[in-house]
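Tertiary structure, described
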Amino acid sequence: KVNDTITFTTGFQADDEYANQTNSTSTGDKDEISLTKLYFTAKTDVATVMIGKQKQPTPFMDDERGDGVVALVPAGPVTVAAGHFTGMNGNQGVTSDITAAAVIGTAGPVNASLWYANATGVIDSIYSLNLNGKFGPVNVDLTHSDASYDDTAFVGGQDASLTKLIVSATVADINLVAGYGMTNDDDDGRGAG
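Everything quoted here is computed from the prediction, not taken from an experiment. (Residues numbered from 1 in each chain as written. Predicted model: local features only at pLDDT ≥ 70, side-chain atom pairs only at ≥ 80, totals over all residues. Heavy atoms only, no water.)

Things to note about the environment of Val 110
If you trace the backbone, Val 110 turns up in strand S7 (residues 110-119). Separated by 24 residues in the primary sequence, Val 110 and Lys 134 place their C-alpha atoms 7.4 Å from one another. Setting aside chain neighbours within four positions, we find Val 110 in contact with Gly 105, Leu 131, Asn 132, Gly 133 and Phe 135. (Helix = DSSP H or I, 4+ residues; strand = E, 2+ residues; numbered from the N terminus. Contact = heavy atoms within 4.5 Å.)

Written out as structure tokens, the structure reads:
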């Protein structure tokens, strides 16, 4: 805690998996210690703002970390979120900036979130809609995502989409789960199909 409005967060990780994803000069030493987060949070009645090295909170980019700013603003029954990160290291070794916005809220038993993002050099645009809730003993989770890839990073430019539905319930101490997923048919070598 810095004062009544501002807090400071920092963290380290001692293994090579994170270091190899974020540092091209990593030796792969399992004892290597990497700085994973270092950011300030300012919380007021109007908004919560986080600035510094942190995990980007979108459903995209595999929860990777970067230097950025995130703002959360309550607006009646929903929260509006926006953020911008620089120097994100993607799975394909592409470094990019990511800008994202979201609307998150709850209506009755349903939690909903709608995300939109752009990652320079990787994704022209991507959105994801998630609806989940509990209806009696049954949990339902529905997600639809659609991405338009940058042609300079992925030759061919085929868009990718994913729709998945997961239904679960506990009956007589047994957890039952059923799922269905569907992607577009042409993966263009990117694993989207």
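A look at the pairing of strand S11 (residues 174-183)
Burial runs low along S11: only zero of the 10 residues are buried. Direction of pairing for strand S10 (residues 160-171) relative to S11: antiparallel, over a ladder of 10 bridges. Of the residues in S11, the one forming a bridge with Val 167 is Ala 178. What sits between the antiparallel neighbours S10 and S11 is a turn of two residues, in which Ala 172 has the positive phi angle 50°. (Buried < 20%, exposed > 50% of the residue type's maximum accessible area, 1.4 Å probe, protein only. Pairing = 2+ DSSP bridges.)

Thoughts on the pattern of salt bridges
What the rule picks out here adds up to one salt bridge. Among the salt bridges present, the one from Asp 4 reaches Lys 1, with a minimum N-O distance of 3.4 Å. A relative accessible area of 75% means that Lys 1 is categorised as exposed. (Salt bridge = Lys/Arg side-chain N within 4 Å of Asp/Glu carboxyl O.)

Observations regarding the environment of Ile 123
Tracing the chain through its elements places Ile 123 in strand S8 (residues 123-135). Of the residues examined, Ile 123 reaches a relative accessible area of 10% and is grouped as buried. Ile 123 has contacts with Asn 118, Ala 147, Ser 148, Tyr 149 and Asp 150, leaving out every residue within four places of it along the chain.

Structural notes on the nonpolar core
Among the nonpolar cores identified, the biggest contains 18 residues, and Ala 117, Ile 123 and Ile 126 are the most heavily contacted of them. Of all elements in the fold, only strand S5 (78-89), strand S6 (95-107), S7, S8 and strand S9 (138-149) reach the threshold of two or more residues within this core. Apart from the residues within four sequence positions on either side, Ile 126 is in contact with Phe 60, Trp 115, Tyr 116, Ala 117, Asp 146 and Ala 147. (Core = buried A, V, L, I, M, F, W, Y, C linked by side-chain atoms within 4.5 Å.)

A short note on the confidence of the model for the protein chain
On average, residues of the protein chain score 82 in pLDDT, and 78% of them reach the 70 mark or higher. For the protein chain, the element scoring lowest by mean pLDDT is helix H1 (residues 16-22), at 52; S11 scores highest, at 94. Scored below 50 in pLDDT, residues 187-193 makes 19 contacts in the model with residues more than four places away or belonging to other chains. (pLDDT = per-residue confidence, 0-100.)

Observations regarding the environment of Thr 163
Mapped onto the secondary structure, Thr 163 falls in strand S10. Along the sequence, Thr 163 and Tyr 180 sit 17 residues apart, while their C-alpha atoms lie 8.2 Å from each other. Within the structure, the side chain of Thr 163 is placed 2.5 Å from the side chain of His 144, a separation counted as a polar contact. (Polar contact = N/O pair within 3.5 Å; in protein donor to acceptor, adjacent residues only side chain to side chain.)

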